[in-house]
Structure formats: C-alpha cells, structure tokens
Amino acid sequence: MPLDVIVVMDPIAHIKIAKDTTFAMLLEAQRRGYRLHYVRPGALALEGGVATAQVAPLQVRDDKAGWFTLGEFAPLAFGPGQIVLMRKDPPFDGEYLYDTHILGIAQQAGALVVNDPQGLRDFNEKLAALLFPQCCPPTLVSRSAAQLKAFVHEHGQAVLKPLDGMGGRSIFRSGTGDPNLNVILETLTDGGSKLALAQRFIPDITAGDKRILLVDGVPVDYCLARIPQGDEFRGNLAAGGRGEGRPLSERDRWIAAQVGPEMKRRGMRFVGLDVIGDYLTEVNVTSPTCVRELDAQYGLNIAGQLFDVIEASLPQ
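All figures in this text were calculated on a predicted structure; none of them were measured in a lab.

### Some remarks on the overall build of the chain
Right, so step 1: Along its length, the chain carries 8 helices and 17 strands.
Right, so step 2: Here the C-alpha radius of gyration of the chain, 20 Å, is about what a compact globule of 316 residues would show, namely 20 Å.
Right, so step 3: The buried share of the chain, reckoned over its 316 residues, is 51%.
Right, so step 4: Once local pairs closer than 6 in sequence are excluded, the contacts in the chain between residues at least 24 apart make up 66%.
Right, so step 5: About 14000 Å² of surface is accessible on the chain, with carbon and sulfur atoms providing 52% of the total.

### As for empty space enclosed by the protein
Right, so step 1: If you walk through the whole model with that rule in mind, you get 2 cavities of 30 Å³ or more.
Right, so step 2: Its volume calculated, the largest cavity comes out at about 90 Å³.
Right, so step 3: Lining the largest cavity we find Pro-90, Phe-92, Phe-123, Asn-124, Glu-125, Lys-126, Leu-163, Asp-164, Gly-165 and Thr-286.
Right, so step 4: Here the lining of the largest cavity is built from residues that sort into 4 nonpolar, 3 polar and 3 charged.
Right, so step 5: Roughly 40 Å³ of volume is contained in the second largest cavity.
Right, so step 6: In this structure, the second largest cavity is lined by Met-25, Leu-85, Met-86, Arg-87, Val-114, Asn-115, Phe-270, Val-285 and Thr-286.
Right, so step 7: Its residues placed into classes, the lining of the second largest cavity shows 6 nonpolar, 2 polar and 1 charged.

### A word on unusual backbone geometry
Right, so step 1: Cis geometry is found at the peptide bond from Val-114 to Asn-115, where omega equals 0°.
Right, so step 2: Mapped onto the secondary structure, Asn-115 falls in the loop between strand E7 (112-114) and helix H3 (117-122).
Right, so step 3: In this structure, Asp-216 is a non-glycine residue whose phi angle is positive, near 55°.
Right, so step 4: For Asp-216, the location among the structural elements is in the loop between strand E12 (209-215) and strand E13 (218-219).
Right, so step 5: A positive phi angle, close to 90°, is found at Cys-290, a residue other than glycine.
Right, so step 6: Note on placement: Cys-290 falls in the loop between strand E17 (279-284) and helix H7 (291-298).

### Structural notes on the pattern of salt bridges
Right, so step 1: The full count for this structure, using the stated rule, is 20 salt bridges.
Right, so step 2: Between Glu-28 and Arg-32 there is a salt bridge, with the nearest N and O atoms lying 2.6 Å from each other.
Right, so step 3: A salt bridge links Lys-264 to Asp-216; its shortest N-O distance comes to 4.0 Å. With Lys-264 in helix H6 (residues 250-265) and Asp-216 in the loop between E12 and E13, this pair connects stretches of sequence that are 48 residues apart.
Right, so step 4: What makes Lys-264 partly exposed here is its relative accessible area of 47%.
Right, so step 5: Residues joined by salt bridges that share partners form a network here, namely Glu-28, Arg-31, Arg-32, Asp-308 and Glu-311.

### What about the layout of surface pockets?
Right, so step 1: Its volume calculated, the second largest pocket comes out at about 250 Å³.
Right, so step 2: Surrounding the second largest pocket, Phe-92, Asn-124, Pro-162, Leu-163, Asp-164, Thr-187, Leu-188, Lys-194 and Leu-195 form its lining.
Right, so step 3: Within the lining of the second largest pocket, the residues separate by chemical class into 5 nonpolar, 2 polar and 2 charged.

### Re H7
An α-helical turn contains 3.6 residues, so any two residues separated by three or four positions project in the same direction.
Right, so step 1: All buried positions along H7 are accounted for by Val-291, Arg-292, Glu-293, Leu-294 and Asp-295.
Right, so step 2: Turning to H7, the residues buried within the fold contact helix H1 (21-31), E12, strand E14 (222-227), strand E15 (242-247), strand E16 (270-276) and helix H8 (302-313).
Right, so step 3: One or two residues past the end of H7 sits Gly-299, with phi positive at roughly 65°.

### Topic: the sheet that holds strand E8 (residues 139-142)
Right, so step 1: Spatially, 4 strands are ordered E8-E11-E9-E10 in an open sheet, and the strand pairing comes out antiparallel. This sheet does not close on itself; its edge strands, each paired only once, are E8 and strand E10 (172-175). The sheet shows a mean angle of 25° between the axes of neighbouring strands, direction not considered.
Right, so step 2: In this structure, strand E9 (residues 157-162) lies alongside strand E11 (residues 196-200), joined through 5 bridges in antiparallel fashion. Paired with Leu-160 across the strands is Ala-198, a residue of E11.

### Considerations on the side chain of Asn-284
Right, so step 1: Following the sequence through the fold, Asn-284 ends up in strand E17.
Right, so step 2: There is a polar contact of 3.2 Å between the side chain of Asn-284 and the side chain of Asp-274.
Right, so step 3: Discounting residues that sit within four places of it in the chain, Asn-284 has contacts with Glu-125, Arg-211, Phe-270, Val-271, Gly-272 and Asp-274.

Each value, and the rule that gives it
- Residues numbered from 1 in each chain as written.
- Predicted model: local features only at pLDDT ≥ 70, side-chain atom pairs only at ≥ 80, totals over all residues.
- Heavy atoms only, no water.
- Helix = DSSP H or I, 4+ residues; strand = E, 2+ residues; numbered from the N terminus.
- Rg over C-alpha atoms; globule rule 2.2 N^0.38 Å.
- Buried < 20%, exposed > 50% of the residue type's maximum accessible area, 1.4 Å probe, protein only.
- Contact = heavy atoms within 4.5 Å.
- Areas by Shrake-Rupley, 256 points an atom, 1.4 Å probe, with all protein chains shown as cover.
- 1 Å grid on protein atoms, 1.4 Å probe; cavity = no way out; pocket = protein on both sides within 12 Å on 5 of 7 lines; lining within 4 Å.
- Points joined across faces, edges and corners; volume = space filled by probe spheres on them.
- Nonpolar A, V, L, I, M, F, W, Y, C, P; charged D, E, K, R; others polar.
- Salt bridge = Lys/Arg side-chain N within 4 Å of Asp/Glu carboxyl O.
- Pairing = 2+ DSSP bridges.
- Axes fitted to C-alpha atoms, helices over the stretch in contact; angles between N-to-C directions.
- Polar contact = N/O pair within 3.5 Å; in protein donor to acceptor, adjacent residues only side chain to side chain.

Pasting the structure below:
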C-alpha cells in the first residue's frame, strides 16, 4: 500500500527549486509512488492529545515555470503509514520548539518523523559541533562581552555569531584592534543577555566552507565547497558564495566518522556538517541543503539514498 509523505516546510511557492533540498526529497518520494501532503505553514496542532495538521494533496514537477500543484486543505491526524519530513528552516524559536513537541506526539502515534523531533531539540546547530571537540577549532560560547573580547585578543582573528542564525546572517569577522569589536559584541549578546559564539578564524575559508552530507550517519562521497566571492568572507550560498563540488578528503571522512555514529543513534537521518579546512564548525540538523547541487554535478541521487534508509526502517 502506498505510504503518505507529509512535509513541514516554509512556503513552497517561494522556494528556488534548483537549490532546494526539500524539493529533491519530494521529487524522489513522488517517483517512488508515495502520496504527498503539504502542511499549511503554522497548521500543526494538538486536538485532545492527538497530533494533527491541515494538509493538502501535493504534486511536484521539476519545472521552474510551475513546480507544484496543491489540492484542498483538510484536517489529518498523524499515525502509522506516514513519513513526516520536518524541513522548516531556522530560526529555532519558541514556535519551532512547540512544533517539535507536536511531532514527537505524532511519532508516538506511529508516524516516522525525519529528523527525530527529540534530536532537533537537543542539537543546536552551532553548539552540536562542540560535542566533538576533537574536530573543532578553539571556540567560546558566552554572554560576557569581556570574555568574548579576551578570546578575540587571544587568537588575533575570530568569527562571531549568534546561536540561532542561518545562511550567514549576523556573522562577523573581527580581530585585535577592530574599533567595531565592542559594538559587535554588544549587539550579539544584546547587552549581555544572549549567548554568542566566538571561533578562531580559519584562513582556509578562502578555499570554501565545505558542506558534508550524512545519510543515516554515512557521508556522501562528495561535498559542496561554498567559496566566498569578492570582498565577502562568508561562504554561505545565501551570502553569495559559489558552490563547487569536491570529493571528500581523508580529514573530511575522519570528521564524518567522529560525528556520524552519534547522529545515527539519535535518529538524525539527514545531517549537514560544515567543515572549514580541517575543522568542524557546525552540525546542521533542521534543514540541511546542497543535495540539488551535488546531484547535478556528480549524477547522484542523494534523496534516493535517504529514502532507501527510511524504507529499511519502516515496520515490515
């Protein structure tokens, strides 16, 4: 019997299909004969202890002139025979947190949620990398502007960022003698009330911020190096970086081997590691990207690898 794939994502009308990994997953699910359902943004709910959503039947096409068709929205209760793709982008705010609780109840009712809702709550994408300190550059997380400033002075150059951003937003590079350092720290910590992260600047960023994809803890053989352009130090594609595919290095595979087993153990089926030079900087679990670019450059089907893993984990 065909299964139902239910996708929780940002508005589908606004995606860029050439770069959207969720879209790649939907194309693959449709190719396999699954029924697709699109959750109306903000429409997860609990009704008498039952996890529900307002959903519409969805069809997708790899056509930038018109890539989706929606049917009528109707209520749906989560349960067995369903695969739920939780693919909403950060920020990880209170509303996102509540949605993971609802999806946890959906999981208890028999739906298979990818990635695991408990793991989404546990793994902040900036802090999760620090669970593997052997892979990371020197890093400090603090609300104290004085402590963060001392870290910058110790290392000469540092990258400073909030814990809840994505796409390169609100990331600063600063160093000893920077007249803007104080105001950067005041802004990031909101006057000492919010945690911020400082990380020693890695000059290898000029060669790219590599995105390594893990499928059930196993790395895809190629990564996408996101290379800063012009006078920009950030490699994020959203910040104008250029994507260039590369085979994994021996160090990349070592980092993946450090992180992958724990991700698999925690039900994190699809994870993106950010690696600059020899160092792990982030572990992305909410909505990792770069599938479309790697598929196009190397003739891969990464979403197919993911659905192979999902199918193997379904009750027989």
